[in-house]
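Now for the letters of each chain:
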Amino acid sequence: MSSLPQQTVRRRRVFYIPGYDPIHPRRYRELYRKEGAEQAEISGYAIDLQAKRGKKRYGWSVRGEMDGATVDAEFDVLVWSDIVRDSMERGIVGTYLLMIRTAWVYIASGALFRLMRLRKGPVIAALYPVGFLLVQLVIALLLAWGLGSLLAAYVHPWLFWAGLVVVPFALEWFRRKDNKFFAYYLMHDYAYSARHRGAEPPELETRMARFTAEIADAMRSDVDEVLVVGHSSGAHLAVSVLADLIRLGYVPANGPTLSFLSLGQVVPMVSFLPDAKRLRRDLAFLCTRSELTWVDVTAPGDGCAFALCDPVAVSGVAPEEGKRWPLILSAAFTQTLSPERWKALRWRFFRLHFQYLCAFDQPGDYDYFRITAGPMTLSERFEDRPPSPSRIEIAASKYTSTAA
């Protein structure tokens, strides 16, 4: 990474595309406020955050003072949480039916076994909701058996089956506690991608077209850099949005620098499915383009991401010549977090999946707040940085068609 002090960015637009998340986007503003203040104290710079007012899009404003420069950044969250919430309104029976269908799509297509060859962590994360939903059902049936046995023994033998009345109440208790278990949440997450066997649902295509238009507006403004950040499932949405942006000619030659930062990506969970032709086409297109810089950051300590897996290469769509992106980097949690912090977070899998957006108490090359509020473009910041030597580039997907 270049150590020369320079300022090519004075004004920046940041578009953040969250993953499959039903929560109001204000959580990302508060996360940035809290973690940015902590990172600023650790690293010796200043970040001042203000809420936006009177804007249609949800976001915030940041003034960063670091490396002897002052930078103003405007953040917009590209919201699709309403689509997520609608997709989760299935109820208990509907969720179990989705579980069966989703498992069938991943197993019958062979995607599950090929994903396991890349990283076992995210596959285990995918299997967790299936296993835990089955455990919940078993517990509910055991409670029913116990109640039925008591009724049969002390009231009447025919009342044994009356014990089944406890099943829906037990399952509803588990559902209401899902903010601790995450079984329903994760099940709906994977089911959403599998519903169309990897093809983007129509309502999401419409929303992504809106995202493209909003970023296109920023590319016509007088900012120095337009930075698109895609986290988790938001990374593969960003791939398609940016591919459309370039195809439609919305990247002016003399406009702002266009940058793409993908964090904790789970692209293979979608691109390995049979009908993910749109995503695979966009990956193959974007990886060759000179109009942008694409840096992909993951960490082996994040069990929910396909850490250090080149999303283009593993999806089997890397061209023989001309591949530029992404630059694969590791956030290296075991090095950038102190032993005490790592010990505290190691088994908090969902918290670790958001660590890319948080403070590091032993920061290395990757610093989310320097990238989003600092004076250098993404390209300049990592221009001398070699890709991670532990990156995975094996073409593992059975399905590589990009036909429209």
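Note that the coordinates shown come from a computational prediction; the quantities given were computed from them, not determined experimentally.

### Here's the deal with the sheet that holds strand E1 (residues 11-17)
Item 1. Taken in spatial order, the eight strands of this open sheet run E2-E3-E4-E1-E5-E6-E7-E8, and their pairing is mixed. Each having just a single partner strand, strand E2 (46-51) and strand E8 (327-330) make up the two edges of the open sheet. For this sheet, the mean angle separating the axes of adjacent strands, direction not counted, is 20 degrees.
Item 2. In this structure, strand E6 (residues 257-263) lies alongside strand E7 (residues 292-298), joined through six bridges in parallel fashion. Within E7, the residue paired with Leu-263 across the bridge is Val-297.
Item 3. Here helix H10 (residues 233-247) sits on the sheet and contacts E1, strand E5 (225-231), E6 and E7; the angle it forms with E5, its principal contact strand, is near 145 degrees.

### Details of the packing of helix H5 (residues 120-154) against helix H8 (residues 183-194)
Item 1. Close contact between H5 and H8 brings their axes to 9 Å; oriented N to C, the two are set at 125 degrees. Relative to H8, the element H5 lies oblique. Seen from above, H5 lies across H8 with left-handed handedness. Each of Pro-122, Ala-125, Ala-126, Tyr-128, Pro-129, Val-130, Phe-132, Leu-133 and Gln-136 in H5 lies in contact with H8, whose residues at this interface are Ala-183, Tyr-184, Leu-186, Met-187 and Tyr-190.
Item 2. Tallied by class, residues from the contact of H5 with H8 come to 13 nonpolar, one polar and no charged.

### A look at the state of the cysteines
By definition, a disulfide links two cysteine residues through a covalent bond between their sulfur atoms.
Item 1. Applying the stated criterion to the full structure yields zero disulfides.
Item 2. No disulfide involves Cys-358; its sulfur sits 14 Å from that of Cys-304, the nearest cysteine.

### With respect to the packing of aromatic side chains
Item 1. Using the criterion set out here, one finds 24 aromatic pairs in the structure.
Item 2. Look at Tyr-20 and Tyr-192: their rings are 5.9 Å apart centre to centre, the planes differ by 45 degrees, and that puts the pair in the tilted class. A residue pair is termed long-range when its members are at least 10 positions apart, and Tyr-20 in the loop between E1 and helix H1 (26-43) and Tyr-192 in helix H8 qualify at 172 residues.
Item 3. For Tyr-20, a relative accessible area of 2% puts it in the buried group.
Item 4. Classification of Tyr-192 as buried rests on a relative accessible area of 7%.
Item 5. By way of ring pairs, the aromatic residues Tyr-32, Trp-60, Phe-75, Tyr-368 and Phe-369 are connected into one cluster.
Item 6. For the cation-ring pair, Arg-27 lies above Tyr-28, with the distance from its terminal atom to the ring centre recorded as 5.7 Å.
Item 7. Over the face of the ring belonging to Phe-354 we find Arg-27, whose NZ or CZ atom lies 5.4 Å from the ring centre.

### Some remarks on the side chain of Arg-278
Item 1. Its place among the elements puts Arg-278 in helix H12 (residues 277-286).
Item 2. Here Asp-244 takes part through its side chain, which lies 2.9 Å from a polar atom of the side chain of Arg-278.
Item 3. Looking at Arg-278, its side chain comes within polar contact range of the side chain of Asp-282, at 2.7 Å.
Item 4. Leave out the neighbours within four places in its chain, and Arg-278 touches Glu-200, Glu-205, Met-208, Ser-240, Asp-244 and Arg-247.

### Notes on the nonpolar core
Burial of nonpolar side chains together is a common tendency in soluble globular proteins.
Item 1. Core analysis: the largest hydrophobic core is formed by 42 residues, its most contacted members being Trp-80, Ile-215, Phe-260 and Leu-286.
Item 2. Where this core is concerned, the elements lending two or more residues are E1, helix H2 (81-87), helix H9 (202-219), E5, H10, E6, H12 and E7.
Item 3. No other element matches H10, which puts eight residues into this core.
Item 4. If sequence neighbours within four positions are ignored, Ile-215 has contacts with Phe-15, Leu-78, Val-226, Val-228, Val-241 and Leu-245.
Item 5. Within the second largest apolar cluster, 39 residues are counted, among which are Phe-75, Leu-227, Leu-263 and Leu-327.

### Overview of the side chain of Asp-76
Item 1. As for its position among the elements, Asp-76 is in strand E4 (residues 69-77).
Item 2. Reaching out from Asp-76, the side chain makes a polar contact with the side chain of Arg-13 at a distance of 2.7 Å.
Item 3. Not counting residues within four places of it along the chain, the set of residues in contact with Asp-76 comprises Arg-13, Val-14, Phe-15, Tyr-16, Lys-52, Arg-57, Tyr-58 and Gly-59.

### Observations concerning the pattern of salt bridges
Item 1. Tallying each qualifying case throughout the model produces 28 salt bridges.
Item 2. Taking the shortest distance from any N to any O, the salt bridge between Arg-176 and Glu-172 comes out at 2.9 Å. A residue pair is termed a helical-turn pair when its members lie 3 or 4 positions apart in one helix, as Arg-176 and Glu-172 do in helix H6 (residues 166-176) at four residues.
Item 3. Asp-275 is the salt-bridge partner of Arg-197, the closest N and O atoms lying 3.2 Å from each other. Of this pair, Arg-197 sits in the loop between H8 and H9 while Asp-275 sits in the loop between helix H11 (268-271) and H12, and the two are 78 residues apart along the sequence.
Item 4. According to the relative accessible area criterion, Arg-197 is partly exposed, its value standing at 39%.
Item 5. The exposure class of Asp-275 is partly exposed, given its relative accessible area of 29%.
Item 6. Each of Glu-205, Asp-244, Arg-247, Arg-278 and Asp-282 takes part in salt bridges that share partners, so that together they form one network.

Thresholds, definitions, all that
- Residues numbered from 1 in each chain as written.
- Predicted model: local features only at pLDDT ≥ 70, side-chain atom pairs only at ≥ 80, totals over all residues.
- Heavy atoms only, no water.
- Pairing = 2+ DSSP bridges.
- Helix = DSSP H or I, 4+ residues; strand = E, 2+ residues; numbered from the N terminus.
- Axes fitted to C-alpha atoms, helices over the stretch in contact; angles between N-to-C directions.
- Contact = heavy atoms within 4.5 Å.
- Parallel < 35°, antiparallel > 145°, perpendicular 65-115°, else oblique.
- Left-handed = near helix turned anticlockwise from the far one by under 90°.
- Nonpolar A, V, L, I, M, F, W, Y, C, P; charged D, E, K, R; others polar.
- Disulfide = S-S within 2.5 Å.
- Phe/Tyr/Trp six-rings, centres within 6.5 Å; stacked < 30°, edge-to-face > 60°.
- Buried < 20%, exposed > 50% of the residue type's maximum accessible area, 1.4 Å probe, protein only.
- Lys NZ or Arg CZ within 6 Å of the ring centre and 35° of its normal.
- Polar contact = N/O pair within 3.5 Å; in protein donor to acceptor, adjacent residues only side chain to side chain.
- Core = buried A, V, L, I, M, F, W, Y, C linked by side-chain atoms within 4.5 Å.
- Salt bridge = Lys/Arg side-chain N within 4 Å of Asp/Glu carboxyl O.

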